[in-house]
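What the coordinates show
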Amino acid sequence: MQVILFLASTSDAGFIKPAEELLKEFGIATKVVTASAHKVPEKVMEIVETLNAEPQPTVIITVVGMSNGLGGVVAGSSVHPVINCPPYKDLTEYLTDIHSNLRMPSDVPALTVLHPKNAALAAIRILAEGDEALQKKVSERIKKVKSGY
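As a starting point, this report considers the structure included with it. Starting from 1, residues in each chain are numbered consecutively following that chain's sequence as written. With the structure being a predicted model, the display of local features is reserved for residues of pLDDT at least 70 and the display and counting of side-chain atom pairs for 80 or more, all residues being used for whole-chain, interface and lining totals. Derived side-chain values reflect all non-hydrogen atoms in the structure, with water molecules and hydrogen atoms excluded from consideration.

1. Considering the pairing of strand 1 (residues 2-7)
Throughout, exposure labels follow a simple rule: accessible area from a 1.4 Å probe, protein chains only, divided by the maximum for the residue type, with under 20% read as buried, over 50% as exposed, and the rest as partly exposed. Numbering of helices and strands runs from the N terminus; a helix is a DSSP stretch of H or I covering at least four residues, while a strand is a stretch of E covering at least two. Of all six residues in strand 1, six are buried; the element is thus mostly enclosed. Here strand 1 shows a buried face lined by Gln2, Ile4 and Phe6 and a second buried face lined by Val3, Leu5 and Leu7. Only strands that DSSP links by at least two bridges are regarded as paired with each other. As paired strands, strand 1 and strand 2 (residues 29-34) are joined by six bridges and run parallel to one another. Looking across to strand 2, one finds that Ile4 is bridged to Lys31. Orienting the strands away from the viewer, one traces the path from the first strand over the helix to the second; a clockwise path indicates a right-handed crossover. The parallel pair strand 1 and strand 2, bridged by helix 1 (residues 13-25), forms a crossover whose chirality is right-handed. Here six bridges tie strand 1 to strand 3 (residues 58-63), and the two strands are oriented parallel to one another. Among the inter-strand pairings, Gln2 is bridged to a residue of strand 3, identified as Thr58.

Here it is, written out as structure tokens:
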């Protein structure tokens, strides 16, 4: 099982780092790939086609701000679940850019999760649906979080 961190730009690598660290904590293989749907759509499609051919359970987290073409293009062609996790620097940028992540056309099922760690946790829970050991780790984390309150 794996989670692909699909960045539109290498400048977003720092934003998604907390998700990458959490996935490693759970023992989930991660791979970072970078391609812009606006600038190199053919590369994006090549990556998606390669991922579609892989037999292992996979979740893709797209990381792109501004006009999120990447999340929609990936979700429109991927057989795997896609989670958009848009980076933003401030509230103005967030309010301007969030709608490109939320408003997807029909038959383009991309989820949107704003916090990188929550995007990782969502991916982990999706993968845990078919893996008892991972489900147990998720349950243990929930108990640990609840014990702090």
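On we go.
2. Notes on the packing of aromatic side chains
Aromatic ring pairs are reported here in terms of the distance separating the ring centres and the angle at which the planes meet. Any Phe, Tyr or Trp ring, taking Trp's six-membered ring, that has another such ring centre within 6.5 Å forms a pair; planes under 30 degrees apart are called stacked, those over 60 apart edge-to-face, and the others tilted. Counting across every chain of the model gives one aromatic pair. Arranged with centres 5.0 Å apart and planes meeting at 50°, the rings of Tyr88 and Tyr94 form a pair that is tilted. With a relative accessible area of 38%, Tyr88 lands in the partly exposed category.

3. Side note on the packing of helix 6 (residues 116-128) against helix 7 (residues 132-147)
Lines fitted to the C-alpha atoms define the axes, with helices restricted to the stretch that makes contact. Angles between their N-to-C directions range from 0 to 180 degrees. Contact pair helix 6 / helix 7: the axes reach a minimum separation of 8 Å and the direction vectors enclose 135°. Here helix 6 is positioned oblique relative to helix 7, judged by the angle of their axes. At the point where helix 6 passes helix 7, the crossing takes the left-handed sense. In this structure, helix 6 uses Leu121, Ile124, Arg125, Leu127 and Ala128 to contact helix 7, whose residues at the interface are Leu134, Gln135, Val138, Arg141 and Ile142. When its residues are assigned to classes, the contact of helix 6 with helix 7 shows seven nonpolar, one polar and two charged. Roughly parallel refers to an angle under 35 degrees, roughly antiparallel to one over 145, roughly perpendicular to one between 65 and 115, and oblique to any angle outside these ranges. A clockwise turn of the near helix away from the far one marks a right-handed crossing, whereas an anticlockwise turn of less than a right angle marks a left-handed crossing. Residues are treated as being in contact if the distance between any of their heavy atoms lies within 4.5 Å. Any residue that is not Ala, Val, Leu, Ile, Met, Phe, Trp, Tyr, Cys, Pro, Asp, Glu, Lys or Arg is counted as polar, Gly included; the first ten are nonpolar and the last four charged.

4. Digging into the packing of helix 2 (residues 41-53) against helix 3 (residues 69-77)
Running from N to C, helix 2 and helix 3 point in directions that differ by 40°, and their axes come no closer than 10 Å. The handedness of the crossing between helix 2 and helix 3 is right-handed. Listed contacts from helix 3 to Val44, Met45, Val48 and Asn52 of helix 2 are Leu70, Val73, Val74 and Ser77. In terms of residue class, the contact of helix 2 with helix 3 is built from six nonpolar, two polar and no charged.

5. Describing the nonpolar core
Core analysis: the largest hydrophobic core is formed by 24 residues, its most contacted members being Val3, Ile16, Phe26, Ile28, Ile61 and Ile124. Elements that contribute at least two residues to this core include exactly strand 1, helix 1, strand 3, helix 6 and helix 7. If you tally residues by element for this core, the top one is helix 6, at seven residues. Those residues in contact with Ile16, other than ones at most four positions away along the chain, are Leu5, Leu7, Ile61, Val63, Cys85 and Pro116. Grouped together as the second largest cluster of nonpolar side chains are 19 residues, Val48, Ile60, Val82 and Ala110 included. Here, the term nonpolar core denotes a set of buried Ala, Val, Leu, Ile, Met, Phe, Trp, Tyr and Cys residues that are joined through side-chain atoms within 4.5 Å.

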